[in-house]
Amino acid sequence: MQSDDIEQEERRKHQRVAFEAKGRFLAPDGSEHECSIRDMSLGGIALSADIAIEIGENIIVYLDEFGRFEGKVVRVYEGGFAIETAISGPRRERLAQRLEALARGEKIEVSARRSFARYAPGEAGLEESSVLTIGDGSSMPCRIIDMSLGGAQVAVEQRLPIGTEVSIGRMSGRVVRHTEEGVGIQFTNIPERASALSRPFG
């Protein structure tokens, strides 16, 4: 069997479910853009977007009620593109259940408490508990409340001064605001190319 035949056979293993959900993605130049789902399967996502993306680019997408996905662009078309994704474990099982429910015509209720571009850690496949490292090398435990492509809100006992340089995992940033539970962080190391974004958050 030739490689093209193998690829087509692999695609047929995953049922594509068409539905609408909003999200945002990070373009290869580091800019953030709105997008929406055309259809989704366990192996990939077809998206509608206003900017052109080239085949082979690595993209990170945050989708309402589905969280964070990372994958390579495998198809482009007028008004959007499709990425290939690879998820496993409990998150894959949860996604399979949601897609099966959508295929049956059931609707997913979008939470009204969360703003458009922010996601809870569990929805992004990440752990809440992490460590906040300060620029001087000291560190403190923290809890990730939510995140977006450009920043995060974390709960900490000590509210660091605005402007303090910090990092969580491989993500660097600075404190830009104080919140009821801790601090808001704006990431400063969003790379110029999305292909460099293959890194754990915490």
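Keep in mind it's a predicted model, so treat the numbers as computed, not measured.

S.K.: Please clarify how the pairing of strand β6 (residues 67–77) should be interpreted in this entry.
M.R.: In summary, the side chains of a regular strand alternate between the two faces of the sheet. Sheet topology places strand β5 (residues 58–63) next to β6; six bridges connect them, and they run antiparallel. The residue bridging Leu 63 from the neighbouring strand is Gly 67, located in β6. Pairing geometry for β6 and strand β7 (residues 80–85), over six bridges, is antiparallel. Paired with Val 73 across the strands is Ile 83, a residue of β7. Counting the residues between successive antiparallel strands, the hairpin from β6 to β7 contains two residues, one of them, Gly 79, with a positive phi of roughly 85°.

S.K.: In this structure, what is going on with the pattern of salt bridges? I would like to understand it.
M.R.: Close approach of charged atoms allows side chains with opposite charge to pair. Under the defined criterion, the tally for this structure stands at three salt bridges. Taking the shortest distance from any N to any O, the salt bridge between Arg 24 and Glu 34 comes out at 3.9 Å. One end of the pair, Arg 24, is in strand β2 (residues 22–26); the other, Glu 34, is in strand β3 (residues 32–41), and ten residues separate them in sequence. Judged by its relative accessible area of 53%, Glu 34 is exposed. With its nearest N and O atoms 2.7 Å apart, the salt bridge here joins Glu 181 to Arg 143. Taken together, the positions of Glu 181 in the loop between β12 (171–178) and β13 (182–187) and Arg 143 in strand β9 (residues 139–147) put the pair 38 residues apart, joining distant regions of the chain.

S.K.: Help me out: how do you make sense of the sheet that holds strand β8 (residues 129–134) in this one?
M.R.: By definition, the strands of a sheet pair up through backbone hydrogen bonds, in either a parallel or an antiparallel sense. Reading around the barrel, the six strands line up as β8-β9-β10-β13-β12-β11 and close back on themselves, with antiparallel pairing between neighbours. The mean angle between the axes of side-by-side strands here comes to 45°, regardless of whether they run parallel or antiparallel.

S.K.: I would appreciate a short explanation of the packing of aromatic side chains in the present structure.
M.R.: By the definition in use, this model includes one aromatic pair. Centroid distance Phe 25 to Phe 81: 5.3 Å. Interplanar angle 75°. Geometry classified as edge-to-face. Of this pair, Phe 25 sits in strand β2 while Phe 81 sits in strand β7; the two residues are 56 residues apart in sequence, bridging distant segments of the chain. For Phe 81, a relative accessible area of 0% corresponds to the buried category.

Scoring rules and cut-offs
Residues numbered from 1 in each chain as written. Predicted model: local features only at pLDDT ≥ 70, side-chain atom pairs only at ≥ 80, totals over all residues. Heavy atoms only, no water. Pairing = 2+ DSSP bridges. Helix = DSSP H or I, 4+ residues; strand = E, 2+ residues; numbered from the N terminus. Salt bridge = Lys/Arg side-chain N within 4 Å of Asp/Glu carboxyl O. Buried < 20%, exposed > 50% of the residue type's maximum accessible area, 1.4 Å probe, protein only. Axes fitted to C-alpha atoms, helices over the stretch in contact; angles between N-to-C directions. Phe/Tyr/Trp six-rings, centres within 6.5 Å; stacked < 30°, edge-to-face > 60°.

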